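Now for the letters of each chain:
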Amino acid sequence: MRDVPPELAGHPDRLRWNAKYAGAAETFPVHPLAERALAMPPPDGPVLDLACGTSGNALLAAASGRAVTAVDVSEVALDRLEREARRRGLRDLVTLVQADLGTWRPPPGRYAFVLCAGFWDRAVFGPAAAAVAPGGLLGWEAFTAEARRVRSGLPAEWCLAPGEPATLLPADFTVVDQQDVPDLRHGAKRRMLARRGAGPRL
């Protein structure tokens, strides 16, 4: 069990997600964006998985030999991920960070692949895009406003506006693919994969 940062002790997101993971089966799903991006592949370099949960994405990237930073507000999720990484012999490649994405910021230009699936905050998207290295990939999936028809309690600010997140990309990114993914049970989502320009050759 990891030590919880003092600023997260009473954080409502931490408490909510801890309860969710504590009551869920211990699984490590791999997101299609991670499979696609790592198969393309991105340039050499580390991977950043934001709002990772019990991320099979981090494990998949580590299994390919990449260093991974996995960030989540829930220590229950991170503890499970740590145990599984250790079981698979990947623990040395996975750095686990317990943090609130509303305040945590990654270093710019460092990561070959940045992934965030199941979370949306416009204030987080910009720094996440800036964290992608030249030639690297950015993958994102979040609910669209259409999802609120299925999930009426879903806050509007947690949902993508029309065209987002592609319309928010810096000018040096090219969209590889963006598509809406219908889900009658949980609500519609939008999935995007984009590549950052390689920059000038020196």
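As the structure is a computational prediction, the values presented were derived from the model and not from experiment.

Q: I keep staring at unusual backbone geometry and nothing clicks. Help me out?
A: Only a minority of non-glycine residues have a phi that is not negative, and only a minority of peptide bonds are not trans. Following methionine 40, the chain continues to proline 41 via a peptide bond in cis, the omega torsion being -10°. Note on placement: proline 41 falls in the loop between helix H2 (32–39) and strand E1 (47–50). Proline 165 follows glutamate 164 through a cis peptide bond whose omega is 5°. Along the chain, the position of proline 165 falls in the loop between strand E5 (132–143) and strand E6 (173–181).

Q: What is the right way to look at H2 in this model?
A: Given 3.6 residues per turn, any residue in an α-helix points the same way as the ones three and four places further on. Within H2, the full set of buried residues consists of Leu33, Ala34, Ala37 and Leu38. Seen from one end, H2 has its buried residues packed into an arc of 115°, which puts them on one side. Close packing links the buried residues of H2 with E1, helix H3 (56–63), strand E4 (111–117), E5 and strand E7 (189–196).

Q: Looking at this structure, how should I read helix H1 (residues 12–22)?
A: Of all the residues in H1, the buried ones are Arg14, Asn18 and Tyr21. Down the axis of H1, the smallest arc covering the buried residues is 70°, so these residues share one side. Facing away from the buried side of H1 by over 90 degrees, the exposed positions are Pro12 and Ala19.

Q: Is there a simple way to explain the packing of aromatic side chains in this structure?
A: For any pair of aromatic rings, the description rests on two quantities: the centre-to-centre distance and the angle between the ring planes. Evaluated as defined, the whole model comprises 4 aromatic pairs. The interplanar angle of 55° and the centroid separation of 5.5 Å between the aromatic rings of tryptophan 120 and phenylalanine 125 together place this pair among those described as tilted. In this structure tryptophan 120 comes out as buried when scored by relative accessible area, which is 4%. What makes phenylalanine 125 buried here is its relative accessible area of 2%. Note on tryptophan 120 and tryptophan 140: the rings are 5.7 Å apart at their centroids and 85° apart in plane angle, and the pair reads as edge-to-face. Taken as a pair, tryptophan 120 in the loop between E4 and helix H5 (122–130) and tryptophan 140 in strand E5 lie far apart in primary sequence, 20 residues in all. Judged by its relative accessible area of 0%, tryptophan 140 is buried. Among the aromatic residues, those joined into a ring-pair cluster are Trp120, Phe125 and Trp140.

What counts and what doesn't
- Residues numbered from 1 in each chain as written.
- Predicted model: local features only at pLDDT ≥ 70, side-chain atom pairs only at ≥ 80, totals over all residues.
- Heavy atoms only, no water.
- Helix = DSSP H or I, 4+ residues; strand = E, 2+ residues; numbered from the N terminus.
- Buried < 20%, exposed > 50% of the residue type's maximum accessible area, 1.4 Å probe, protein only.
- Arc of directions from axis to C-beta.
- Contact = heavy atoms within 4.5 Å.
- Phe/Tyr/Trp six-rings, centres within 6.5 Å; stacked < 30°, edge-to-face > 60°.

Bear in mind that shape data such as this cannot, by itself, settle questions of function.
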